[in-house]
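What follows is the residue order along each chain.
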Amino acid sequence: MYDDPVLYACLGQDPALRSAIERIGPCRLRGADGKTPYQALIRAIIGQQLHGRAAEAILGRVCALSGGDMPEPEALLALPEETLRGCGLSAAKFVALRGLAQARLEGIVPGVDEARLLDDEALIARLTSLRGVGRWTVEMLLIFTLGRSDVLPVDDFAIRAGWQKLYGLDTPPRPTALRTAGEKFSPWRSALAWYLWRLSEEGKSVRNALTG
């Protein structure tokens, strides 16, 4: 999908973005990652406000309770609070995961096949009704779990910083302004987001090495 020449024709209509694409190279988004929405949300809830290694360690402990796989809803609901909290979960994340499992059993959290039939905003509206799940979390699910090609997470600070860098702005754009400005890149706004993330990261490793 992301090797479609139409994508680069769309994004390349903007001279600044075309220059960034030539420097950064092809978009390396790979579409759907094989997880279910329920599995993606388990990972997202556990990872909130944690560094990657810490989040992976806690997720590994939770999965170990189910033989190494992410626990199915029934199994998650059957686990005692002290067992899950012992994996490193906060009280809020424990409650959010229990709510997620119950919502999956009730059909609020769709399976992959149902999710494919729902448009982006319908999924966002449904899933943000859950405790611990915000719009940004669902947008990440749309891009990386379901492989949706036209999602621009305008509340993401790195996305806004990338846009600021792309156009040499004094300050990052407001989300509403960025949403409007990004409309011309539809239906490839997920690829646009990927390039903006890359732009926000440029030079960081050099600065970190210098400032150590």
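To be clear, the structure that these remarks concern was listed above.
Residues numbered from 1 in each chain as written. Predicted model: local features only at pLDDT ≥ 70, side-chain atom pairs only at ≥ 80, totals over all residues. Heavy atoms only, no water.

Okay, the nonpolar core next. Leu11, Leu17, Leu100 and Leu127 are the most contacted members of the largest nonpolar core, which has 63 residues in total. Considering each element in turn, this core owes the most residues, eight residues, to helix H13 (residues 189–201). (Core = buried A, V, L, I, M, F, W, Y, C linked by side-chain atoms within 4.5 Å. Buried < 20%, exposed > 50% of the residue type's maximum accessible area, 1.4 Å probe, protein only. Helix = DSSP H or I, 4+ residues; strand = E, 2+ residues; numbered from the N terminus.)

Moving on: the environment of Ile159. Here Ile159 lies in helix H11 (residues 157–167). A C-alpha to C-alpha distance of 33 Å links Ile159 and Pro71, two positions 88 residues apart in sequence. Sequence-distant contacts of Ile159, defined by excluding residues within four places in its chain, comprise Leu152, Pro153, Leu178, Ala193, Leu196 and Trp197. (Contact = heavy atoms within 4.5 Å.)

Let us look at the packing of H11 against H13. Where H11 contacts H13, the axes come no closer than 7 Å and their chain directions differ by 75°. With respect to their mutual orientation, H11 and H13 come out roughly perpendicular. Residues Ala158, Ile159, Ala161, Gly162, Trp163, Lys165 and Leu166 of H11 form the contact with H13, whose participating residues are Leu192, Ala193, Leu196, Trp197, Leu199 and Ser200. Taken together, the residues that form the contact of H11 with H13 break down as ten nonpolar, two polar and one charged. (Axes fitted to C-alpha atoms, helices over the stretch in contact; angles between N-to-C directions. Parallel < 35°, antiparallel > 145°, perpendicular 65-115°, else oblique. Nonpolar A, V, L, I, M, F, W, Y, C, P; charged D, E, K, R; others polar.)

For the rest of this paragraph, the subject is the layout of surface pockets. Its volume calculated, the largest pocket comes out at about 520 Å³. Ala40, Arg43, Ala44, Trp136 and Met140 are, among the 22 residues lining the largest pocket, the residues nearest its centre. Mapped by element, the contributors of at least two residues to the lining of the largest pocket are helix H3 (37–47), helix H4 (52–64) and helix H10 (135–145). A breakdown of the residues in the lining of the largest pocket according to their chemical character gives eleven nonpolar, seven polar and four charged. Space inside the second largest pocket adds up to approximately 200 Å³. Along its surface, the second largest pocket is lined by 13 residues, and Glu121, Arg135, Asp150, Leu152 and Arg189 are the ones closest to its centre. Counting residues per element, the ones that place at least two in the lining of the second largest pocket are helix H9 (120–127) and H10. The class makeup of the residues in the lining of the second largest pocket is five nonpolar, no polar and eight charged. (1 Å grid on protein atoms, 1.4 Å probe; cavity = no way out; pocket = protein on both sides within 12 Å on 5 of 7 lines; lining within 4 Å. Points joined across faces, edges and corners; volume = space filled by probe spheres on them.)

Counted according to the given criterion, the structure contains four aromatic pairs. With centroids separated by 4.9 Å and ring planes inclined at 85°, the aromatic side chains of Trp194 and Tyr195 adopt a geometry described as edge-to-face. Comparing Trp194 with Tyr195, the two get one shared label, buried. One aromatic cluster is present, built from ring pairs that chain together Trp163, Tyr167 and Phe185. (Phe/Tyr/Trp six-rings, centres within 6.5 Å; stacked < 30°, edge-to-face > 60°.)

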